[in-house]
Amino acid sequence: MLKHMSYLDNIPSAPGKFKMDKSPYVHNKLRWHSSLMKLTFWSFIFLALIFIFFYRSPSPNPLPQDPSRRSLGTYNWGGPAWEKRVRSSARIRSHDGISVLVTGAAGFVGTHVSTALKRRGDGVLGLDNFNDYYDPSLKRARQALLDRSGVFIVEGDINDSTLLSKLFEVVAFTHVMHLAAQAGVRYALENPSSYVHSNIAGLVSLLEACKSANPQPAIVWASSSSVYGLNSKVPFSEKDRTDQPASLYAATKKAGEEIAHTYNHIYGLSLTALRFFTVYGPWGRPDMAYFFFTRDILKGKTISIFEAANHGTVARDFTYIDDIVKGCLAALDTAEKSTGTGGKKKGPAQFRIYNLGNTSPVPVSDLVSILERLLKVNAKRKVIKLPQNGDVRFTHANISLAQRELGYKPSTDLQTGLKKFVRWYLSYYSGEKKAAG
Ligand SMILES: O=C(O)[C@H]1O[C@H](OP(=O)(O)OP(=O)(O)OC[C@H]2O[C@@H](n3ccc(=O)[nH]c3=O)[C@H](O)[C@@H]2O)[C@H](O)[C@@H](O)[C@@H]1O
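Conventions used here
- Sequence order as written defines the numbering, with residues in each chain counted from 1.
- Confidence filtering applies because this is a predicted model: local features only for residues at pLDDT of at least 70, side-chain atom pairs given and counted only at 80 or more, and all residues used for totals across whole chains, interfaces and linings.
- Side-chain measures here rest on the full set of heavy atoms in the structure, leaving out hydrogens and waters.
- Helix and strand definitions here come from DSSP, where helices need a minimum of 4 consecutive H or I residues and strands a minimum of 2 consecutive E residues; each element is numbered from the N-terminal end.
- Each residue's exposure class comes from its accessible area (1.4 Å probe, protein chains only) as a fraction of the maximum for that residue type: buried when under 20%, exposed when over 50%, partly exposed otherwise.
- A contact between two residues is defined here by any heavy atoms of the two lying within 4.5 Å.
- Areas reported here follow the Shrake-Rupley algorithm with a probe of radius 1.4 Å; residue values treat only the protein chains shown as occluding.
- By convention in these notes, a salt bridge is any Lys or Arg side-chain nitrogen within 4 Å of a carboxyl oxygen on Asp or Glu.
- Near, as used in this document, describes a residue that has one of its heavy atoms within 4 Å of the molecule or strand being considered.
- N or O atoms closer than or at 3.5 Å make up a polar contact, with two conditions inside protein: a donor-capable atom paired with an acceptor-capable one, and, for residues adjacent in sequence, both atoms drawn from side chains.
- Asp, Glu, Lys and Arg are counted as charged, while Ala, Val, Leu, Ile, Met, Phe, Trp, Tyr, Cys and Pro are counted as nonpolar; the rest, among them Gly, fall into the polar class.
- UniProt positions are given in the numbering used here, feature names are shortened, and annotations may be inferred rather than shown by experiment.
- pLDDT expresses, on a scale from 0 to 100, how confident the predictor is about each individual residue.
- The rule is simple: put a 1 Å grid over the protein atoms alone, call a set of points where a 1.4 Å probe fits but cannot get out a cavity, call an open set with protein on both sides within 12 Å along at least five of seven lines a pocket, and count a residue as lining if it has an atom within 4 Å of a point.
- Grid points are joined across faces, edges and corners, and a volume is the space filled by probe spheres set on the points.
- DSSP-based pairing: two strands are paired if at least 2 bridges between them are found.
- For every element, the axis is a line fit to its C-alpha atoms; helices are fit only across the contacting stretch, and the angle between N-to-C directions ranges from 0 to 180 degrees.
- Any two of the Phe, Tyr and Trp rings considered here, Trp counted by its six-membered ring, make a pair once their centres fall within 6.5 Å; the pair's planes then place it as stacked at under 30 degrees, edge-to-face at over 60, or tilted in between.

Caption draft 1: Fine view of the overall build of the protein. Counting its regular elements, the protein contains 13 helices and 13 strands. Across the 437 residues of the protein, 52% fall into the buried class. By sequence separation, contacts in the protein at least 24 residues apart represent 81% of the contacts at least 6 residues apart. Element-wise, carbon and sulfur atoms account for 58% of the exposed surface of the protein, whose accessible area totals about 22100 Å².

As structure tokens, then:
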């Protein structure tokens, strides 16, 4: 108890009221304490200096800080040969061409848009992190395809601001086609942070780079039909409410639209969001139903077809890739210039949102019947209740705004589009990927 008391006595009750004990033993102990404190203090300073030195020293190939991705590998960029490739890929080769940075260029839509731009003489530079959300070898095959048409894909992440500012330093892009994203509605249950990382943090990082670029590019980017969420008014019009998302994926795309608005408002960036409706076609995404249904039907594996309550139909406004590409190019061609310079807005800038759909929803069971006919194999069907995983019952686009302002006019029905997809699928997977292209 006494010991306890003396210990308590040594604690200052208030600043400047520390009671000194004059005994030599305590005096020595205090001296020892003060040298220990000095040692701790200088060690701390020393460690802090080492820490600052390592964190401030520039690294030629910085690795992105990326906790949410499973496999990103390391990226190699920089150097004169790399810059030469970047410049050459982005060089405009036609009379009134544009120079476009395409993010997510090794993705499904990115590959098709890049090819179409290059074909008409625009300058195109790709950017992709080649993550393993789905089979990266398909992304590598798309990269090889783009390489043959003269499009170089820089390997890197949109969250890497050093890389982004380097790209804008090397090339004065007139436009950015931003397609890099964490896609897929159901995967958000498994890896939510990946959606925040790519669709929110990545978008902000890209917009920051665009805002600081000189000249500022105009940006066209991929939003999603999923922003309509639980909206039941059909067909979905851009004026309808989008504040009831049914999945985290949808919520991040909706957040993206709001973030885009702030960058338009504060910095004068020209911004156009395209709400894609279930895009399908050759070189598509293996995580999408039409793709894995094809694979499973061919393997004789049972497929699950979702249905709503009381045997209600689940349907999608499936949109063929070539129609989407036309919509993307029209959006780029009608985009007005951003108005800011040096990170400052000089006047109001264009802000647009368009639906890019097909306007003819098809029940998922009909999609399966078309695939059965094309593959000449009967599917092993299992009808199950629509799981509570973020899927909505139906989507249906009103495209009159895009029709009026972009001249957008989809022309491929599901039967025709799936025929092209199946032809590509069989050639790609049977010819061990060599026959592709
Ligand atoms: O329109 C969009 O914006 C979205 O379109 C697709 O999302 P989704 O329409 O859900 O496409 P799929 O995953 O291919 O599903 C198509 C349909 O098949 C149904 N489905 C899916 C999986 C399954 O096992 N069974 C099944 O019946 C789904 O409920 C849905 O109605 C894409 O995956 C999203 O990235 C995109 O943003």
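Moving on from the coordinates now.
Caption draft 2: Highlighting the pattern of salt bridges. Scanning the model with the defined rule gives 17 salt bridges in all. E208 is the salt-bridge partner of K211, the closest N and O atoms lying 2.7 Å from each other. Taken together, the residues span about one helical turn, with K211 and E208 both in helix α7 (residues 192-212) at a distance of 3 residues. A salt bridge links D296 to R295, with the shortest nitrogen-to-oxygen separation between them at 3.4 Å. For D296, a relative accessible area of 7% puts it in the buried group. Each member of the salt-bridge network shares a partner with another, and the members are E83, R87, K166 and E169.

Caption draft 3: Spotlight on the site of the ligand. Close to the ligand lie 24 residues, the nearest being R186, S224, S225, Y249 and S304. The side chain of S224 places a nitrogen or oxygen atom 2.6 Å from an oxygen atom of the ligand. Within the side chain of S225, a nitrogen or oxygen atom sits 2.6 Å from an oxygen atom of the ligand. About the coverage of the ligand: the protein hides 94% of its 700 Å² of free accessible area. The set of elements that each furnish at least two residues to the shell around the ligand consists of α9 (289-299) and β8 (302-307). Its residues assigned to classes, the shell around the ligand shows 14 nonpolar, 6 polar and 4 charged.

Caption draft 4: Structural detail: the UniProt feature "domain: NAD-dependent epimerase/dehydratase" (unreviewed entry) in the protein. UniProt feature "domain: NAD-dependent epimerase/dehydratase" (unreviewed entry): in the numbering of this structure it lies at residues 100-337. End C-alpha atoms of residues 100-337 are separated by 13 Å, and the span's content is 42% helix alongside 18% strand.

Caption draft 5: Structural view of the confidence of the model for the protein. Summarising the model, the protein shows a mean pLDDT of 88, and 82% of its residues fall at 70 or more. Long-range and interchain partners of residues 1-30, a stretch whose pLDDT sits below 50, account for 6 contacts in this model, where long-range means more than four residues apart. Long-range and interchain partners of residues 53-70, a stretch whose pLDDT sits below 50, account for 31 contacts in this model, where long-range means more than four residues apart. Both scores are available for the predicted complex, with the pTM at 0.85 and the ipTM at 0.98.

Caption draft 6: Representation of the layout of surface pockets within the structure. Here the second largest pocket is characterised by a volume of approximately 420 Å³. Taken together, 18 residues line the second largest pocket, and the ones lying closest to its centre are H112, T115, R119, W283 and D322.

Caption draft 7: Highlighting the side chain of N389. When you line up the elements, N389 lands in the loop between β13 (380-385) and α12 (400-406). At a separation of 3.2 Å, a polar atom in the side chain of N389 contacts the main-chain amide nitrogen of D391. The residues touching N389, leaving out its near neighbours within four places in the chain, are V185, R186, L189 and F306.

Caption draft 8: Looking closely at the sheet that holds strand β4 (residues 175-178). Spatially, β3-β2-β1-β4-β5-β6-β11 is the arrangement adopted by the 7 strands of the open sheet, whose pairing is parallel. Each edge of the open sheet carries a strand with a single partner, namely β3 (152-155) and β11 (351-356). Going from strand to strand, the sheet's axes swing by 20° on average, the running direction of each strand aside. As paired strands, strand β5 (residues 218-224) and strand β6 (residues 271-276) are joined by 6 bridges and run parallel to one another.

Caption draft 9: Structural context of the packing of aromatic side chains. In total, this model carries 30 aromatic pairs according to the counting rule given. For the pair F236 and F394, a centre-to-centre distance of 6.1 Å together with 35° between the ring planes defines the contact as tilted. Here the residue F236 occupies a position in the loop between β5 and α8 (248-267), and F394 occupies one in the loop between β13 and α12, the gap between them amounting to 158 residues. On the basis of relative accessibility, which here comes to 26%, the residue F394 falls in the partly exposed class.

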